[in-house]
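# Fold and contact review
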There are 4 protein chains.
Amino acid sequence: MNKLLFTVIAVFVSSILFAQNAFSQSKIDTKTLNSKVLNADRDYTIYLPKSYQTDSERRYPVLYLLHGMTETNKTWQNNMRLKEVADRLMESGDAKEMIIVTPNAGGDLSKNQWNGYFNMPGWEYETFFFDEFIPFIENNYRVKSDKNNRAVAGLSMGGGGTVVYAQKHSDMFCAAYAMSALVSLNNLTASGDENEITMHLYRSVLANDCIKFVENADDNTKNNLRTVSWFIDCGDDDFLLDNNVDFTRAMKKAAIPYQFRVRDGGHTSEYWHTALYLCIPFVSRNFDN
Amino acid sequence: MNKLLFTVIAVFVSSILFAQNAFSQSKIDTKTLNSKVLNADRDYTIYLPKSYQTDSERRYPVLYLLHGMTETNKTWQNNMRLKEVADRLMESGDAKEMIIVTPNAGGDLSKNQWNGYFNMPGWEYETFFFDEFIPFIENNYRVKSDKNNRAVAGLSMGGGGTVVYAQKHSDMFCAAYAMSALVSLNNLTASGDENEITMHLYRSVLANDCIKFVENADDNTKNNLRTVSWFIDCGDDDFLLDNNVDFTRAMKKAAIPYQFRVRDGGHTSEYWHTALYLCIPFVSRNFDN
Amino acid sequence: MNKLLFTVIAVFVSSILFAQNAFSQSKIDTKTLNSKVLNADRDYTIYLPKSYQTDSERRYPVLYLLHGMTETNKTWQNNMRLKEVADRLMESGDAKEMIIVTPNAGGDLSKNQWNGYFNMPGWEYETFFFDEFIPFIENNYRVKSDKNNRAVAGLSMGGGGTVVYAQKHSDMFCAAYAMSALVSLNNLTASGDENEITMHLYRSVLANDCIKFVENADDNTKNNLRTVSWFIDCGDDDFLLDNNVDFTRAMKKAAIPYQFRVRDGGHTSEYWHTALYLCIPFVSRNFDN
Amino acid sequence: MNKLLFTVIAVFVSSILFAQNAFSQSKIDTKTLNSKVLNADRDYTIYLPKSYQTDSERRYPVLYLLHGMTETNKTWQNNMRLKEVADRLMESGDAKEMIIVTPNAGGDLSKNQWNGYFNMPGWEYETFFFDEFIPFIENNYRVKSDKNNRAVAGLSMGGGGTVVYAQKHSDMFCAAYAMSALVSLNNLTASGDENEITMHLYRSVLANDCIKFVENADDNTKNNLRTVSWFIDCGDDDFLLDNNVDFTRAMKKAAIPYQFRVRDGGHTSEYWHTALYLCIPFVSRNFDN
């Protein structure tokens with residue numbers, strides 16, 4: 001054995017050490033905060049970039065990344081491999097280092113777990129998000145806390161949350177990236193045996209119609225909407241494409257600039273995984289610009 | 001509730017049904033065969049495309065997809081999401097329907113589990129692969145069994161396996177796609193405390209040097225190598241890039257055509273995940289051409 | 001000077017020779033045929049792949065590539081660099097070798113030059129295309145002459161021509177790729193001082209509405225439309241996007257499968273240049289499949 | 001005619017007007033300056049972004065984009081469609097607005113026109129570039145004049161110029177993007193009948209070997225080189241790939257970070273056209289970062 005002038009293990013070990021030094025000190029954690037608004041503990045999952053540990057004074061821009069219905073704060077990592085994509089984009093320089101955080105706004109609807117990003121009777125999630133969650137993140141992590149360093153993105157129900165949050169709080173986000181977004185319920189048809197929690201969710205989505213918001217916007221609101229960079233991304237096989245198209249038509253009519261892409265695919269985790277390759281550089285370009 | 005003229009659940013359900021009909025009848029299974037050559041049971045994981053269940057007479061081209069060191073037959077699905085990528089590419093038409101199968105050639109080296117694609121004293125894996133595994137697949141699944149419908153691909157140790165199998169059996173594969181391939185051990189340095197199983201692996205890699213194979217090839221062998229379509233793909237941060245470059249230089253000198261790409265990234269699962277988007281269409285184009 | 005052991009010129013010269021041997025024997029020519037239907041000479045521009053000169057018995061699949069309004073047969077090469085893209089895709093294997101031909105269906109409208117792909121009083125272009133031009137190409141070049149080896153693609157007015165030709169002659173084309181297509185005139189508003197040639201063009205487009213064709217299709221026609229592979233590609237800033245979306249909605253309602261992409265850009269030559277990277281591999285995959 | 005409720009012309013006209021307002025006020029001009037260093041008039045071609053005309057106080061980052069041997073300042077536009085790509089990337093937000101300028105460092109070698117970016121007996125181009133050209137641009141256009149807003153890029157001979165300029169003036173450029181770069185003459189072989197102008201060029205390239213510069217760099221120089229963001233991009237069929245690989249190996253050994261890509265293609269205008277889609281966003285990300 002000592003005659004061998006090589007070893008793969010040695011190479012792998014040094015490769016792993018190299019990787020740790022060069023681009024893998026990022027980490028992703030799941031933690032909990034207590035919400036007085038919701039009267040409950042809520043989990044969140046947070047990605048901290050490589051230099052976060054070593055550069056102990058530096059503050060970072062932040063992306064709030066929203067999950068979909070029946071999903072939770074862990075889904076972006078478990079199904080869409082958030083950390084792997086973020087590491088790669090930040091290592092290559094395609095995106096600036098940033099903090100990415102997903103709060104839990106979901107769970108199993110059939111078990112009466114609350115889902116949704118809006119205020120509902122008994123579950124004021126939007127109030128929680130803006131009055132408790134954002135301040136909590138800003139107090140507990142070194143994030144920059146101005147509009148120019150805060151973005152929001154999300155998929156499906158979280159894509160609707162993305163648009164609505166940026167519509168109603170256009171002073172708080174520089175960029176919004178909506179994937180396969182539930183922007184409206186207009187075109188959808190009824191079943192009739194949803195439980196009460198589900199009905200609260202539907203009513204809240206109905207009350208926060210993204211298309212009507214644009215159609216009803218006055219000049220001042222339209223001006224505010226123009227201060228956000230918008231990106232709408234929906235697959236050609238997605239059952240929500242029609243609604244997304246209608247949303248872009250309303251935006252165009254209101255002369256609010258946006259990017260729109262229809263890529264290959266349906267309402268699937270692989271679509272959202274690949275969307276991260278567009279989303280993270282997009283919000284990065286809009287930070288501090 | 002009955003006043004609501006919509007329901008998201010209904011849409012999701014119909015969407016899921018639609019998805020099942022339209023592009024999700026593919027499946028991925030893990031099964032076992034008994035090898036007389038290895039005197040052991042070996043697992044394999046197999047992807048069967050959408051139409052496989054319904055089109056009961058049809059035969060399919062086949063891709064043998066090899067995993068890396070310390071990995072197993074399950075790694076391509078668990079870490080690189082093989083099914084999700086394959087479904088998407090076949091649904092859009094970017095790739096033809098095909099069967100994709102990964103045999104187990106690995107496991108935990110520290111627990112003395114055999115690793116490697118070549119013949120070693122006590123573990124004749126290459127013999128198993130060609131004499132038992134390929135015939136087993138061809139007898140138990142509706143695969144086309146000619147060179148023009150058989151391809152091989154793999155990552156790292158499996159990238160080396162890919163090149164060597166296609167070099168030594170150029171009459172059997174129309175295409176070979178090597179990712180971050182361990183094509184040689186020349187440049188690697190020694191540690192000295194590997195166990196015997198590991199040393200068998202190293203000696204087998206040393207004995208199957210892909211670069212020397214090309215350098216030593218006679219005209220007849222070179223002609224045979226030209227009947228395979230070659231694709232070499234390695235990240236700009238990969239510690240194996242130098243070896244891969246040297247392999248392409250040997251191929252160029254021998255006038256054997258190949259595609260070569262250096263994309264962004266290191267020796268990571270995300271690199272190989274994205275490699276599938278190139279690999280599967282590449283082998284598809286070469287099937288039956 | 002003779003002390004120098006190198007020379008860039010030598011390298012460039014050998015590089016150019018290498019290029020000629022390896023991937024540059026393709027050529028693009030502009031020629032003329034006489035049309036009895038149109039009672040006029042008409043130019044066309046034809047791309048012949050690398051092996052066409054040397055492989056004197058081989059027959060090739062053919063792509064009919066249609067230009068836009070006020071453009072001519074030369075525009076695909078002059079503005080969109082057809083040959084450079086085709087050479088690259090065929091050299092890498094991303095597309096099979098094929099013949100690509102653009103007939104002249106345009107020119108300066110203000111100078112009363114006929115434009116358009118349909119039959120108009122005094123200018124029966126569709127009759128010319130199917131009764132004279134396709135037979136002429138098949139008689140004068142080694143093209144395969146079956147549906148499985150014939151595709152059509154085009155931009156703007158030629159995108160409309162693409163869809164209409166494949167709708168009315170679904171037995172003749174295996175694939176149709178429409179870029180920024182003028183599929184309908186419904187949404188457009190009037191000026192009132194067009195000349196007679198222009199009015200013929202408009203009336204012919206109005207009479208060949210792609211959306212209405214799908215809406216009015218009976219079951220048999222729908223079945224025929226399903227034998228063509230459809231690809232609709234339109235930029236997010238294109239003024240024709242709304243019409244293209246409406247066309248995909250009609251196709252979806254009729255259960256005719258298609259690919260749909262909205263990429264970044266407007267009604268520009270750079271959009272169509274980049275579309276070639278999708279179009280040529282798409283038709284290639286559909287040839288003889 | 002007045003019965004028609006539409007007109008394509010009207011749409012085209014309004015489309016063109018829309019385009020002009022929305023994203024086409026950029027312009028590209030060719031102008032001349034007189035060089036005392038060279039004792040000659042020299043042309044340059046300059047791209048001014050959309051807002052340059054209307055935002056009369058704003059200053060812009062600047063990219064110096066170098067052409068190849070026998071080419072001139074006009075080649076980036078004529079062969080690689082610089083304006084079309086730049087417009088598209090800046091309109092979508094993939095790149096910040098910037099000024100892009102190409103000085104003339106070439107022409108017909110056989111007619112004894114000087115080529116090259118370095119100082120030669122009788123043609124001190126590097127002196128001209130740094131002492132006259134950059135100051136001229138900074139005095140005559142609203143460019144930001146600090147390292148963080150100045151980048152350099154180029155192809156072939158201009159790729160070599162890019163690397164050398166950023167090596168010798170690392171305090172002046174935040175980013176360098178080298179395409180198919182002539183980084184060295186080591187591997188090239190001799191012809192012997194070059195004219196004197198050509199020999200001056202070769203000797204100047206030999207004297208400015210990018211690989212040796214890195215190999216010979218002391219620690220201070222290496223530190224300076226680490227203040228530049230490097231991107232090396234070369235095609236898998238390019239005859240200069242070996243030299244580019246050797247350059248990246250020297251960089252790696254010296255622990256100077258860089259991005260490296262090998263994409264599909266040779267030493268062709270289409271390779272460089274597509275390189276612009278990587279280059280312009282890359283330098284944009286590095287501006288003022």
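Rules used in this analysis
- Residues numbered from 1 in each chain as written.
- Chains lettered and ligands numbered in written order.
- Predicted model: local features only at pLDDT ≥ 70, side-chain atom pairs only at ≥ 80, totals over all residues.
- Heavy atoms only, no water.
- Helix = DSSP H or I, 4+ residues; strand = E, 2+ residues; numbered from the N terminus.
- Buried < 20%, exposed > 50% of the residue type's maximum accessible area, 1.4 Å probe, protein only.
- Contact = heavy atoms within 4.5 Å.
- Areas by Shrake-Rupley, 256 points an atom, 1.4 Å probe, with all protein chains shown as cover.
- Pairing = 2+ DSSP bridges.
- Least-squares fit on C-alpha atoms with pLDDT ≥ 70 in both.
- Axes fitted to C-alpha atoms, helices over the stretch in contact; angles between N-to-C directions.
- Parallel < 35°, antiparallel > 145°, perpendicular 65-115°, else oblique.
- Left-handed = near helix turned anticlockwise from the far one by under 90°.
- Nonpolar A, V, L, I, M, F, W, Y, C, P; charged D, E, K, R; others polar.
- Salt bridge = Lys/Arg side-chain N within 4 Å of Asp/Glu carboxyl O.
- Disulfide = S-S within 2.5 Å.

### Details of the overall build of chain A
- Regarding its fold elements, chain A presents 10 helices and 10 strands.
- Scored against the burial criterion, the 289 residues of chain A give a buried share of 62%.
- In chain A, once contacts between residues fewer than 6 apart in sequence are set aside, the share between residues at least 24 apart is 76%.
- Total accessible area computed for chain A in this model is approximately 10,700 Å², and 46% of it derives from carbon and sulfur atoms.

### Quick notes on the pairing of strand 4 (residues 99-103) of chain D
All names here are of chain D.
- Of all 5 residues making up strand 4, 5 are buried, and the element is well covered by its neighbours.
- On strand 4, burial covers both faces: Ile 99, Val 101 and Pro 103 on one face and Ile 100 and Thr 102 on the other are all buried.
- Sheet topology note: the strand 2 (residues 40-48)/strand 4 ladder contains 4 bridges and is antiparallel. For Tyr 44, the partnering residue across the bridge sits in strand 4 and is Pro 103.

### With respect to the relation of the copies chain A and chain D
- Overlaying chain A on chain D yields an RMSD of 0.0 Å, the required transformation being a rotation through 180 degrees with an accompanying axial translation of 0.0 Å. Such a combination of turn and shift is consistent with a two-fold rotation axis. By C-alpha distance to the rotation axis, the residue of chain A lying nearest is A:Arg285, at 3.7 Å.
- Mapped onto chain D, 100% of the interface residues of chain A are again interface residues, and the two copies thus contact each other with one and the same surface.

### Comments concerning the packing of helix 9 (residues 241-253) of chain A against helix 9 (residues 241-253) of chain C
- The N-to-C vectors of helix 9 of chain A and helix 9 of chain C enclose an angle of 160 degrees; their axes lie 12 Å apart at closest approach. By the angle class used here, helix 9 of chain A and helix 9 of chain C are roughly antiparallel. Once helix 9 of chain A is placed against helix 9 of chain C, the crossing between them reads as left-handed. Counted together, A:Asp242, A:Val245, A:Asp246 and A:Arg249 of helix 9 of chain A and C:Asp242, C:Val245, C:Asp246 and C:Arg249 of helix 9 of chain C form the full contact between these two elements.
- The residue makeup of the contact of helix 9 of chain A with helix 9 of chain C, split by class, is 2 nonpolar, no polar and 6 charged.

### Description of the pattern of salt bridges
- According to the stated counting rule, one finds 67 salt bridges over all chains in the structure shown.
- The partner of D:Arg249 in a salt bridge is B:Asp242, with the nearest N and O atoms 3.0 Å apart. One end of the pair, D:Arg249, is in helix 9 (residues 241-253); the other, B:Asp242, is in helix 9 (residues 241-253), on a second chain.
- Given a relative accessible area of 24%, D:Arg249 falls into the partly exposed group.

### So, the sheet that holds strand 10 (residues 259-261) of chain B
Residues and elements named next belong to chain B.
- Here 8 strands make up an open sheet; going across it, the order is 1-2-4-3-7-8-9-10 and the pairing mixed. At either end of the open sheet lies a strand with only one pairing partner, and these are strand 1 (27-35) and strand 10. For this sheet, the mean inter-axis angle between neighbouring strands, taken without regard to orientation, is 20 degrees.
- Sheet topology places strand 1 next to strand 2 (residues 40-48); 9 bridges connect them, and they run antiparallel. Bridge pairing in strand 2 links Lys 27 to Leu 48.
- Helix 4 (residues 125-140) contacts strand 1, strand 2, strand 3 (62-66), strand 4 (99-103) and strand 7 (150-155) of the sheet and is inclined by roughly 50 degrees relative to strand 2.

### Describing the state of the cysteines
- All told, the structure shown has 0 disulfides over all chains when counted by the stated rule.
- In this model B:Cys174 remains outside any disulfide bridge; the closest cysteine sulfur is found in B:Cys279, 11 Å from its own.
- Of all cysteine sulfurs, the one in D:Cys234 lies closest to D:Cys210, which takes part in no disulfide; the gap is 13 Å.
- D:Cys210 gets classed as buried once you look at its relative accessible area, which sits at 0%.

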